[in-house]
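Structural features, examined
Residues per chain, in single letters:
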Amino acid sequence: RTPAPTPSRNSIRPRPDLLRKPLALSGSGELTLPWRATLAEGEQISLQSRLHFKDLNLKSDLVEVRGVNGQLSIREALRLDGEGRVRFNHLLTTDPFQRVDFERIEPYLNSRKNLSIAAIQAAGIEAGPLTLSMPIEQNLIRLQPFHLQLLGGHVIGQLFLDATPGNWSLGMASRISQIDLRRLLPAERQTSEAAPLSARVALEFSVAQRLLEGRVDITDITRYQLLQLLDIVDPNHEDAQLGQVRSGLRLAHPQWVAIQMDRGLLDLTVALSLLAEPLTVRGLPLSPIIQRFAGDALTLLDQLPLE
């Protein structure tokens, strides 16, 4: 058995220009990487690290991240197989999503948030500050908990990436409060009156199977926002069930919306102010929506050596 080596420490200070086009990237600040690696019996690898960020700023043509401070931990138990490839020694599973009011438990979680980002800017939208805890262990990368100021409101909850070989998945359980979507609209379609949106979200997406499952409960939504949502699901106004919801919205306003996704299908329930019973739309296919908004990204993931 090989004795454990003395921990190594590396410090990185980004140069003004790290990379050239087409992925131009500039940065400033400091990132320190103390790490310890142990090789046992020629095949068992233990890797531990705790990354420290100090006023780190990164900027590319697509996204800008400012004011990264704090730390994140990395713990990996790996092994070398007979062909010399590095694999996970064991896999972790994610906890089942629970419907939690994160605003109630927020005071108890503040001490666990050991990483902060002052601002994130992309596609003309700026979000932040973002505070979070981000442990990386085996196949799981967790943002648990996180709190993001976004579009005048906030998003709080947990998010994970499960990098199990051959079965990558992404999950989110969060509370969205008072998000103002006007800034996402073209200037000519924006109004002076705020119409914040609030919702609870519990979703899990399987990259390999292209399956999105979970539930979204929207508690605050305007007629105009709901019509936009219907256009995302049915852009060509072809579904007769959604046509009934559109007809109802000509006279009434939405009180709440529930979206249930399971086995590649979407069920939508809408409560309208003038109707005694909610309208329910069943069995809408999710695949066209996923392909429309994430097809290019998923194709790129398929080309990566995920195994």
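Residues numbered from 1 in each chain as written. Predicted model: local features only at pLDDT ≥ 70, side-chain atom pairs only at ≥ 80, totals over all residues. Heavy atoms only, no water.

Buried residues dominate strand β15 (residues 265-272), accounting for 6 of its 8 residues. Here strand β14 (residues 254-262) pairs with β15 via 8 bridges, running antiparallel. Its bridge partner lying in β15, Met261 is registered against Leu266. The pairing of β15 with strand β16 (residues 279-285) spans 5 bridges and is classified as antiparallel. From the neighbouring strand, Val270 faces β16, where its bridge partner is Leu279. Count of turn residues in the β15/β16 antiparallel hairpin: 6 residues. (Buried < 20%, exposed > 50% of the residue type's maximum accessible area, 1.4 Å probe, protein only. Helix = DSSP H or I, 4+ residues; strand = E, 2+ residues; numbered from the N terminus. Pairing = 2+ DSSP bridges.)

As a further point, take the nonpolar core. Among the nonpolar cores identified, the biggest contains 52 residues, and Ile218, Ile259 and Leu268 are the most heavily contacted of them. Looking at this core element by element, the count peaks at 5 residues for strand β12 (residues 196-206). With near-sequence residues (within four places) excluded, Leu268 lies in contact with Leu230, Leu242, Val257, Ala258, Ile259, Leu279, Thr280 and Val281. (Core = buried A, V, L, I, M, F, W, Y, C linked by side-chain atoms within 4.5 Å. Contact = heavy atoms within 4.5 Å.)

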